[in-house]
Amino acid sequence: MRVIAGTARSLPLKTPQGLDTRPTTDRIKETLFNILQNDIPGCVFVDMFSGSGGIGIEALSRGAKKAYFIENAKEPLSCIAHNLKFTRFEDRAVVLKQDAVAALSGIRDEEVDLFFLDPPYGQEQERRVLEALGGMRYVTENTLIVVETARDTSMDYARELGFSVVREKLYKTNKHIFIRKEVNTL
């Protein structure tokens, strides 16, 4: 796995051993960042269930102002620390070593521009996170939430949590779901 574009372009990234993490492939990562290219420069980015940190590092390489990395497993945390040091992005990164929902209280920015969630498939972790994000002051109608999930995962419940699915990008075995907070017009 490598950084696709930006200031750290082509640098290789360390990934955790074993099957506990599924690093996003370079091809899917490139497609995702082509979709997000206008949203990245100057943004505050949150990489949840970070694994190696490859998605957040890609965002930093492409001009994100700051990135949070949320992960609670020991080996992935070691990879994130190594990769941030290797790419020289430590000064623009905050690593939160906690459960995903608990870590949300550690985000100190007024507004977060982009969230990327790549939770373990089939455990409904994305629902837990969306429920929590619905009450966070830094999630506004301008915040984009991208969830990487199995292709057959439904997020029909998003509306009842106050969110709208604005786009889906399908791949062979998985997909990206793009979500925004609904605007109250009352």
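Details of the structure are given in the entry above.
Please read all numbers here as calculations on a predicted model, not as lab measurements.

The final tally for this structure, using the stated rule, is two aromatic pairs. A ring pair is formed by Phe 33 and Phe 45, whose centres lie 6.5 Å apart and whose planes are at 25°; its orientation type is stacked. Remark: Phe 45 occurs in strand β1 (residues 44-48) and Phe 33 occurs in helix α1 (residues 26-36); sequence separation between them is twelve residues. Take Phe 45: its relative accessible area is 1%, and that puts it in the buried class. Ring geometry for Phe 115 and Tyr 138: centres 6.2 Å apart, planes at 25°, overall stacked. A residue pair is termed long-range when its members are at least 10 positions apart, and Phe 115 in strand β4 (residues 114-117) and Tyr 138 in the loop between α5 (125-133) and β5 (144-150) qualify at 23 residues. Neither residue differs from the other here; Phe 115 and Tyr 138 are each classed as buried. Its guanidinium or amino end placed over the ring of Phe 178, Arg 167 lies 5.7 Å from that ring's centre, counting from NZ or CZ.

Now for the sheet that holds strand β3 (residues 93-96). The pairing of strands in a sheet comes from backbone hydrogen bonds and takes either a parallel or an antiparallel form. A sheet is described by the order of its strands in space; here seven strands give the open sequence β3-β2-β1-β4-β5-β7-β6, paired in mixed fashion. Each edge of the open sheet is held by one strand with a lone partner, namely β3 and β6 (163-170). Across the sheet, the axes of successive neighbouring strands diverge by a mean angle of 20°, strand direction being ignored. Where β4 meets β5, four bridges bridge the pair, whose relative direction is parallel. For Leu 117, the partnering residue across the bridge sits in β5 and is Val 147. Packing against the sheet, α1 makes contact with β4, β5, β6 and β7 (174-181), and its axis sits at approximately 25° to β7.

Once that is clear, we can look at the nonpolar core. Met 48, Leu 104, Ile 107, Phe 115, Leu 133 and Ile 145 are the most contacted members of the largest nonpolar core, which has 28 residues in total. Elements with a minimum of two residues in this core: β1, β2 (66-70), α4 (100-103), β4, α5, β5 and β7. A total of four residues in this core trace back to one element, the largest contributor, which is α5. Discounting residues that sit within four places of it in the chain, Leu 104 has contacts with Met 48, Ile 70, Phe 115, Val 129, Ala 132, Leu 133, Met 136 and Tyr 138.

Another aspect to go through is the pattern of salt bridges. Considering all chains together, one arrives at nine salt bridges under this definition. A salt bridge links Arg 62 to Glu 58; the nearest nitrogen and oxygen atoms lie 2.7 Å apart. Overall, Glu 58 belongs to the buried group, its relative accessible area being 0%. With a closest N to O distance of 3.7 Å, Lys 175 and Glu 168 form a salt bridge. For Glu 168, a relative accessible area of 42% gives the class partly exposed. Connected via shared salt-bridge partners are Lys 29, Glu 58 and Arg 62.

Parameters and conventions
Along each chain, residue indices are assigned from 1 in the same order as the chain's sequence is written. Where local features are concerned, this predicted model is filtered to residues with pLDDT of at least 70; where side-chain atom pairs are given and counted, the filter is 80 or more; whole-chain, interface and lining totals use all residues. Each side-chain value is worked out from all heavy atoms of the structure, with water and hydrogens disregarded. Two rings from Phe, Tyr or Trp (for Trp, the six-membered ring) form a pair when their centres are within 6.5 Å of each other. A pair whose planes differ by under 30 degrees is stacked, one over 60 is edge-to-face, and the rest are tilted. What counts as a helix is a DSSP run of H or I of at least four residues, what counts as a strand is a run of E of at least two, and both are numbered from the N terminus. In this scheme, a residue with accessible area under 20% of its type's maximum is buried, one over 50% is exposed, and one in between is partly exposed, where area comes from a 1.4 Å probe on protein chains only. Sitting over a ring, as applied to charges here, requires NZ of Lys or CZ of Arg to be within 6 Å of the ring centre and within 35 degrees of the ring normal. When DSSP locates at least two bridges between a pair of strands, those strands are taken to pair. Where helices are involved, their axes are fitted lines through C-alpha atoms of the stretch in contact, as for all axes, and angles between N-to-C directions lie from 0 to 180°. Contacts: residue pairs with any heavy atoms within 4.5 Å of one another. Among buried residues, those of type Ala, Val, Leu, Ile, Met, Phe, Trp, Tyr and Cys that are joined through side-chain atoms within 4.5 Å constitute a nonpolar core. Just to be clear on terms, a salt bridge is a Lys or Arg side-chain nitrogen sitting within 4 Å of an Asp or Glu carboxyl oxygen.

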